[in-house]
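# Fold and contact review
Spelled out from the first residue to the last, the chains are:
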Amino acid sequence: VRGERPEKESYAQSRERQGRESLLWPRGVEATQRALATACEATGLHELPAGLMLVDVFDRGGDTFEMLDYLDRHQRRYVARSSQNRAITVGHGEEGEAGLLHGYLRTLPRQGSGRQVTVHGRDGQPDRQAAVVISWAAVRLKVPGQQRGHYRKQALLAWAVRVWEPGPPAGVEAV
């Protein structure tokens, strides 16, 4: 249940409110880390087994610059479903071409071979198979112009991935 938000709250006031919804994401990562530490302690492990990679996975609700910066500061690996068409520069270097994330990803050609995935039906529609393709690129996520939350004032290096269905069946929304 969403907490109450004071009427006429400014961006600055919202950023300082400890009960704001966007803090659920970093707090969830912290809780997971504590649970993992407790589990390791209970089993006598002092560190994770070699070769084990932990990856935080979250949906569009967690796509805030504050969350991405939190993960970067804590050197966490993650996969996020993008919600924000963020300002970017192409590549991980200082002087990449400027653009917007979603638009840039749509310009990339498919890379690698396609794959069949099961798309679970919604609203009474049956499950179906979809042939999807993938593309990816290195990007720098620029610091947002309007600060919401707390984060460093520096661009974040990321790998952006697009998965799409180039030829959906007639009358069906593409993946």
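Quick note: structure is the one above.
A count of helical and extended segments in the protein gives four helices and seven strands. Starting at the N terminus and ending at the C terminus, the protein contains elements arranged as α-α-β-α-β-β-β-α-β-β-β. Its C-alpha atoms put the protein at 50 × 45 × 40 Å along the principal axes. Per-residue burial over the protein gives 27% buried out of 175 residues. Counting only contacts in the protein whose residues sit at least 6 apart along the sequence, the fraction spanning at least 24 positions is 51%. Put simply, the protein shows about 12,300 Å² of open surface, and 52% of that area lies on carbon and sulfur atoms. Computed over 25 positive and 21 negative side-chain charges, the separation of the two mean positions in the protein equals 3 Å.

Quick look at the pairing of strand β3 (residues 87–90) now. For β3 and strand β4 (residues 98–100), the ladder comprises three bridges, and the chain directions are antiparallel. Residue Ala87 lies in a different strand from β4, and its bridge partner there is Leu100. Judged from the three bridges that link them, β3 and strand β6 (residues 128–141) form a sheet pairing that is antiparallel. Its bridge partner being in β6, Thr89 is matched across the sheet by Arg140.

Bringing the nonpolar core into the picture now. Counting 19 residues, the largest nonpolar core has Leu71, Ile88, Leu101, Tyr104, Val139 and Leu141 as the members making the most contacts within it. Sorting the residues of this core by element identifies α3 (65–73), α4 (101–107), β6 and β7 (156–164) as the ones contributing at least two each. In terms of residue count, the dominant contributor to this core is α3 (five residues). Beyond its immediate sequence surroundings of up to four residues, Ile88 is in contact with Glu97, Ala98, Gly99, Leu100, Leu101, Tyr104, Val139, Arg140, Leu141 and Lys142.

Moving on to a nonpolar patch on the surface. Taken together, the side chains of Met53, Val55, Val57 and Val79 make up a nonpolar region of the molecular surface, amounting to roughly 370 Å² of accessible area. Examined against the element boundaries, Val55 turns out to sit in strand β1 (residues 55–58).

Definitions and cut-offs
- Residues numbered from 1 in each chain as written.
- Predicted model: local features only at pLDDT ≥ 70, side-chain atom pairs only at ≥ 80, totals over all residues.
- Heavy atoms only, no water.
- Helix = DSSP H or I, 4+ residues; strand = E, 2+ residues; numbered from the N terminus.
- Buried < 20%, exposed > 50% of the residue type's maximum accessible area, 1.4 Å probe, protein only.
- Contact = heavy atoms within 4.5 Å.
- Areas by Shrake-Rupley, 256 points an atom, 1.4 Å probe, with all protein chains shown as cover.
- Lys, Arg positive; Asp, Glu negative; His and termini not counted.
- Charge placed at Lys NZ, Arg CZ, Asp CG, Glu CD.
- Pairing = 2+ DSSP bridges.
- Core = buried A, V, L, I, M, F, W, Y, C linked by side-chain atoms within 4.5 Å.
- Patch = residues over 30% accessible without salt bridge, like charges linked within 9 Å, V, L, I, M, F, W, Y side chains within 5 Å.
- Salt bridge = Lys/Arg side-chain N within 4 Å of Asp/Glu carboxyl O.

Shape descriptors only; they carry no functional weight alone.
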